[in-house]
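Letter by letter, the chains look like this.
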Amino acid sequence: MVTFRTVFTVLQAVGLFVARYSQCGLLHGLEPQFFAGCSQLYRGIFSLVIDRWIERVANPLVCSFSGVLAILLRMWLWTGNYAERLNERMKNFVQTMQEFFWFSLRTARSFRFTRRYWTEILDQMYICGTESVPIVLVSSLAIGCLLTVEVGNQLEGFGAKLLTGRTTALSVIREMGPIVTGLMLSARVGARNGAELGAMRISEQIDALRAFGTDPIALLVMPRLFAALVMFFPLTALSNFVGLVGGGFVAQLYHHIDPGYYWNSALNQLLVKDFVVSAVKPFAFAIIITLVSCFNGFSASGGTAGVGRSTIKGIVVSSGLLLVANFYISKLVLENMNF
Amino acid sequence: MIEFKDVFLSFSGRMILSGISMQIPDGRITAILGPSGSGKSTIIKLMLGLIQPTYGNVCVDGVDISRFSEEQLFPIRRTMGIVFQGNALFDSMSVSDNMGFFLRENLDLPPGEIERRVHDQLQFAGLELQAHQLPDSLSGGMRKRVAIGRAPIFEPKMILFDEPTAGLDPVSSKKILDVIKQLNQDKQLGAVMVTHVISDVISVADTVLVLYQGKLIFHDTPEKMQECDHPFVQSFLADPEQL
């Protein structure tokens, strides 16, 4: 049943195992590696034996006892392998979360160097704030106009076209303004952070900073976070304003609503909580976008392709988190504030 | 002095260094020789505390730095300069800014003193005419000289060179090796040079360490390499191109 080839392969595996793990020294705190190696070795040997058995003796196509047993054993091994891969992914996820936590903590602690890096902060404010104005203006104008067209069309069917301003204002200020600005900034600022820091990581510039005694988090991440915290709020306010103004123009030119009606219904119905929702979101988005993109940049590996991967990962993860955060902030504020 | 005490290092289950023990004295040029993937550059990163060993201790001047935090490591790192394999120059800064950046960052010196030190380093590296150029506009040899000029900016006791002649033509390589020797002779700076070029080792090194499969297989002067009976050292001396 167990052929010479199987025995040879097993002996080869044992040889490799001994060669690989004997040099690490079991007395040097590397026991987990040893046990992981044992587990892999035993599973490998067992898998080999079952494979040979299926190959030589138990034909799974024949509904015999040995065939069914072979299939069950094979399935058990597959399940084991799948569980091991899942376990590995979970472990990596938890490890990444731990690293992200420490990264965030170190960034928060490096706010004590704000005065020292004020020129970098001003540079970043210009890059993430001033330079982002065009894209924020275009996207918010487009969203405001589109929203007014659609809302006006729908309300017209109920004879309530004059409420277009109210609906547009609520949608823009509570949700569309902050989230569209957040997503645009996630793409623009997040991509820039991820690519720039990733390239610095790959070209060993971050290692050079550390090697020459400069804290790369204080120099590279803190100014970006500070600038985002300062600039995202006015950008969101600008986005809301431009969205409403765009909606006003469309209401007048497309739906032929008098601007007085539009602005009256838009502004009179807004409550403090609507402005609070809109004001809280940019700060949360600034933290999410900056930390996630910078963390991915700092973790880049694998050459230029690695920089691309880390940049994409940063944008995708921060955009996803932005949407989740948007939902929870709206829910928490709107449900708990009554004015 | 840098001392490794029974250092093990593994990444993702792969053993990189296995039980390395060695002492690197100040004021001498030590070359670390070995094939690609043998853990040479890793040793330099361990010396600076850029990575931590899985097991064992790395001591700098008798202080065990292997479990130090980043904040604790910064003053230790300033006692060593480093020249990275890819130079790690800041491409948005001019040559003189690259040299003066860490002085402005880390030392509370008057601007005149910073300018003086940068000027001295530019003069030493022979790059006075290129002071205001960006690194991208320089040749490979010049970029390497910028990196070498930047390394002793804190007046360290030792400089670590990661493949200092990699990718350079023979003339540029000789210039770089001359600069390393000059640093050692003029300023009594110790140097650790990671390389896989045997001619570099013979021309500048006082001591050679040979790494093979994560283990230290030779630690002596370059002349004694001929007497080493390890098959890798022998085959390497017979055919240096094999690396």
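Further up the page is the structure itself.
Being a predicted model, the structure only gives us computed values, none of them experimental.

The helix and strand inventory of chain B stands at eight helices and ten strands. Each of the 243 residues in chain B was classed as buried or not, and the buried ones make up 54%. For chain B, contacts bridging at least 24 residues in sequence account for 62% of all contacts bridging at least 6. In the form shown here, chain B has an accessible surface area of approximately 10200 Å², with 50% of it arising from carbon and sulfur atoms.

Next up on the list: the packing of aromatic side chains. Per the counting criterion, the structure on display carries 15 aromatic pairs over all chains. Residues A:Phe101 and A:Trp102 carry aromatic rings whose centres are separated by 5.4 Å and whose planes lie at 70° to one another, so their mutual orientation is edge-to-face. Both rings, one in B:Phe90 and one in B:Phe102, keep their centres 5.8 Å apart while their planes meet at 55°; by these two values the pair is tilted. Taken as a pair, B:Phe90 in the loop between β6 (80-83) and α3 (95-106) and B:Phe102 in helix α3 lie far apart in primary sequence, twelve residues in all. Joined through ring pairs, the aromatic side chains of A:Phe212, B:Phe90, B:Phe101, B:Phe102 and B:Phe154 make up one cluster.

Residue and element names in this part refer to chain B. Along the chain, serine 173 turns up in helix α6 (residues 170-187). Exposure remark for serine 173: the relative accessible area of 11% places this residue in the buried category. Beyond its immediate stretch of four places on either side in the chain, serine 173 contacts Thr165 and Leu168.

Turning to the interface of chain B and chain A, a few remarks are in order. The interface is formed by 35 residues belonging to chain B together with 24 residues belonging to chain A. Summing both sides of the interface, chain B and chain A together bury roughly 2600 Å²; the carbon and sulfur share of this comes to 54%. Inspection of the region where chain B meets chain A yields three salt bridges. B:Lys45 is the salt-bridge partner of A:Asp207, the closest N and O atoms lying 3.9 Å from each other. Looking at the side of chain B that touches chain A, the elements that each hand over two or more residues are β1 (2-11), β2 (14-24), α1 (40-48), α2 (70-77) and α3 of chain B.

Next up on the list: the pattern of salt bridges. Across all of its chains, the model carries 20 salt bridges over all chains by this definition. Across the pair A:Arg192 and A:Glu196 runs a salt bridge, and its minimum N-O distance is 3.3 Å. Separated by four residues within a single helix, A:Arg192 and A:Glu196 lie in helix α6 (residues 164-202), roughly one turn from each other. Here B:Asp120 and B:Arg116 are joined by a salt bridge, their closest N and O atoms 2.8 Å apart. With B:Asp120 and B:Arg116 both in helix α4 (residues 111-125) and four residues apart, the pair spans about one turn of that helix. Taken together, the salt bridges that share partners define one network made up of A:Asp207, A:Arg210, B:Lys45, B:Glu70 and B:Arg77.

Each value, and the rule that gives it
Residues numbered from 1 in each chain as written. Chains lettered and ligands numbered in written order. Predicted model: local features only at pLDDT ≥ 70, side-chain atom pairs only at ≥ 80, totals over all residues. Heavy atoms only, no water. Helix = DSSP H or I, 4+ residues; strand = E, 2+ residues; numbered from the N terminus. Buried < 20%, exposed > 50% of the residue type's maximum accessible area, 1.4 Å probe, protein only. Contact = heavy atoms within 4.5 Å. Areas by Shrake-Rupley, 256 points an atom, 1.4 Å probe, with all protein chains shown as cover. Phe/Tyr/Trp six-rings, centres within 6.5 Å; stacked < 30°, edge-to-face > 60°. Buried area = accessible area lost by both parts, 1.4 Å probe. Salt bridge = Lys/Arg side-chain N within 4 Å of Asp/Glu carboxyl O.

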